[in-house]
Amino acid sequence: MIEAPPILTIKASMRRPTGRQIAAFQDIPTGIVVDALYGGGALSRDIAPIGFGRDLNCVAAGPALTADCGAADVLAAFAALKYIRPGDVVVSSFAGHTGCAAGGDGLTGMMRNCGASGFVTDGPMRDYAGIVKVGLPVWCAGLTPASPHMSGPGAVGTPIQIGGQQIETGDMIVADRDGVVVVPFERLDEVIAGLEKVRAAEKLQDERVAAGLRFPDWVGELLESDRVSIRD
């Protein structure tokens, strides 16, 4: 006979970036973070700012606190409330289930009261007007009024799979109107070093475009090289 699993599993120790590392990602666009990750880290485009950001300014950057809820259940997301530290982004895996909501205004309101800076899930949400009133930035897979269960099993602080990426508690989440990016804990300093290089290159390009640039130098060089064949 198979024993019933515990309804909740909580990771005993949860790593967290330093204050310096967290500060380095504030006000950084997701596109710059992806470029510093050499094109990686972005979650699926199915996970988008709630309402596509029309009523709520969806911008957040903070350490991930994971909740592995599983399909149609929110027990782990509610249990995660106890473990939120100011600035955390709660990331809830709903197993990509879209048949009911992965949260609503009550859950996001309590997350905000606990100091969370955002909520990310691969399920839909409910209570749109209430979430806007609460003001916590949310990224999700759309909207539905359908209610979830709260029976488990679930886990808090353990690795999860969401939006095509693995996320662990302590990874950095950077999210804005373009979507959500995860920076693995082990690569934080590497990516922070790369951010300034990417920002400098973006700034130079923006200045050149504003001054009338029609195409990059490398495009002209490529078109004039023997790597391009021009035919009638």
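Notes on the structure in this doc start here. (Residues numbered from 1 in each chain as written. Predicted model: local features only at pLDDT ≥ 70, side-chain atom pairs only at ≥ 80, totals over all residues. Heavy atoms only, no water.)

**Examining the environment of glycine 62**
As for its position among the elements, glycine 62 is in strand E3 (residues 60-68). By relative accessible area, glycine 62 is classed as buried at 0%. When the C-alpha positions of glycine 62 and alanine 95 are compared, they lie 22 Å apart, and in sequence the two are 33 residues distant. Apart from residues lying up to four places away in sequence, glycine 62 is in contact with Gly87, Val89, Asp171, Met172 and Ile173. (Helix = DSSP H or I, 4+ residues; strand = E, 2+ residues; numbered from the N terminus. Buried < 20%, exposed > 50% of the residue type's maximum accessible area, 1.4 Å probe, protein only. Contact = heavy atoms within 4.5 Å.)

**Here's the deal with the pairing of strand E10 (residues 172-176)**
Burial analysis of E10 places five of its five residues in the buried class, the great majority of the element. Taken together, the four bridges between E3 and E10 define a ladder with antiparallel strand orientation. Note on E10: the bridge partner recorded for proline 63 is methionine 172. Between E10 and strand E11 (residues 179-183), which pair antiparallel one after the other, the connecting turn spans two residues. (Pairing = 2+ DSSP bridges.)

**Focus: the pairing of strand E4 (residues 89-93)**
Counting buried positions over the five residues of E4 gives five, a clear majority of the element. With five bridges joining them, E3 and E4 adopt parallel strand pairing. Across the sheet, leucine 65 pairs through a bridge with valine 90, a residue of E4. For the handedness criterion, the β-α-β arrangement of E3, helix H3 (residues 75-80) and E4 is classed as right-handed. Where E4 and strand E5 (residues 118-121) come together, four bridges link them in parallel fashion. Within E5, the residue paired with serine 92 across the bridge is threonine 121. (Right-handed = clockwise from strand over helix to strand, strands pointing away.)

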